[in-house]
Structures are given as C-alpha cells and as structure tokens.
Amino acid sequence: MEKIRYLHKPIAEDILKKMVFIGGPRQVGKTTLSKMIASNVKNSKYFNWDSRSHRLDINSENWPPETKFIIFDELHKYAKWKSFIKGVWDTKDSPLKIIVTGSSKLNVFRKGGDSLLGRYHYYTLHPFSL
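Residues numbered from 1 in each chain as written. Predicted model: local features only at pLDDT ≥ 70, side-chain atom pairs only at ≥ 80, totals over all residues. Heavy atoms only, no water.

A. Representation of the overall build of the protein chain in the model. Within the protein chain one finds five helices and five strands. Beginning at the N terminus, the succession of helices and strands in the protein chain can be written as α-β-α-β-α-β-α-β-α-β. Counting the 130 residues in the protein chain, one finds 41% classified as buried. Here the contacts in the protein chain between residues at least 6 apart in sequence split such that 74% fall between residues at least 24 apart. Accessible surface, the protein chain as shown: approximately 7,700 Å² in total, 51% of it carbon and sulfur. (Helix = DSSP H or I, 4+ residues; strand = E, 2+ residues; numbered from the N terminus. Buried < 20%, exposed > 50% of the residue type's maximum accessible area, 1.4 Å probe, protein only. Contact = heavy atoms within 4.5 Å. Areas by Shrake-Rupley, 256 points an atom, 1.4 Å probe, with all protein chains shown as cover.)

This is the structure:
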C-alpha cells in the first residue's frame, strides 16, 4: 500500500499553475510520489534519463501530442536540462503538467541563473521518519 506523502497535496495544487521540481536524497520516494500524482491525469508520460530509449525520446521530444502530464526523472544528468525544460514549458500548445525529479543537484540552479524564474515550484522530499 502506498502512503500519501506530506507533499502530495501542495504538489498536486501547484502543478496546476507551474512546473514542479522534486529533489531530495536517493530512495525517498520522489518517483513514486510523482507517479501517484500523475495517475489522476489521463495521458501522462514518464521518462527516466537513465534509460537509453527514454533519453532518445526526451532529446527528440517524442511524446504523443495528447500528453497532458510528463514526469522527467533524473533529468539533471542531462548537461543542458535547464534550457531543454524551459523550451518545453515555453512552447507548449496546451496545458501541460511537468514534474522534474532528481537529487539535490536540482537545487543548485536556484542559486545561479534565472532562466526558469517564475516557471516552477521546488520541493525537497525527505525520508519517512519515526
């Protein structure tokens, strides 16, 4: 049974307005949380940068035109991920919900550059604790 995480509701609300970036340590449930939120949206798509076939689809922006929700997992491993995600967001034809998940490296860019300023909300997911 999947547990509802403390960030589920705020992310589900924020994704209606902006992109959502979820960072945090390994194995805390970033991907699981993202997929739970996307499961409520028809025509969602999941891409993991660590998968060669997914990388090819990401680079060619190969997803069906009716896609309404995209999860980009581990996208920060792509050297030009910031300009890529900005381009996808700025050129969308219809309302597109985007979640980007990854390590705390997603947080590094908050300190430098403003290319995504105003386009996203950043959350840090922490592990379950007693």
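B. A look at the environment of Phe47. Here Phe47 is to be found in strand S2 (residues 44-48). Between the C-alpha atom of Phe47 and that of Asp73, which follows or precedes it by 26 residues, the distance is 6.0 Å. The residues touching Phe47, leaving out its near neighbours within four places in the chain, are His54, Asp57, Ile58, Asn62, Trp63, Ile70, Ile71, Phe72 and Asp73.

C. Region of interest: the layout of surface pockets. Estimates place the volume of the largest pocket at around 300 Å³. Taken together, 18 residues make up the lining of the largest pocket; nearest its centre are Arg26, Gln27, Lys30, Thr31 and Glu74. Elements supplying a minimum of two residues to the lining of the largest pocket: helix H2 (30-38) and strand S4 (97-102). If one sorts the elements of the lining of the largest pocket by residue count, H2 sits on top with three residues. Class assignment for the residues of the lining of the largest pocket results in one nonpolar, 10 polar and seven charged. Space inside the second largest pocket adds up to approximately 240 Å³. Lining of the second largest pocket is provided by Glu61, Trp63, Pro64, Pro65, Thr67, Val88, Thr91, Lys92, Asp93, Ser94 and Leu96. A class-by-class count of the residues in the lining of the second largest pocket yields five nonpolar, three polar and three charged. (1 Å grid on protein atoms, 1.4 Å probe; cavity = no way out; pocket = protein on both sides within 12 Å on 5 of 7 lines; lining within 4 Å. Points joined across faces, edges and corners; volume = space filled by probe spheres on them. Nonpolar A, V, L, I, M, F, W, Y, C, P; charged D, E, K, R; others polar.)

D. A look at the side chain of Asp14. Residue placement: Asp14 occurs in helix H1 (residues 8-14). Among the residues examined, Asp14 registers a relative accessible area of 11% and is labelled buried. Leave out the neighbours within four places in its chain, and Asp14 touches Val20, His121 and Tyr123.

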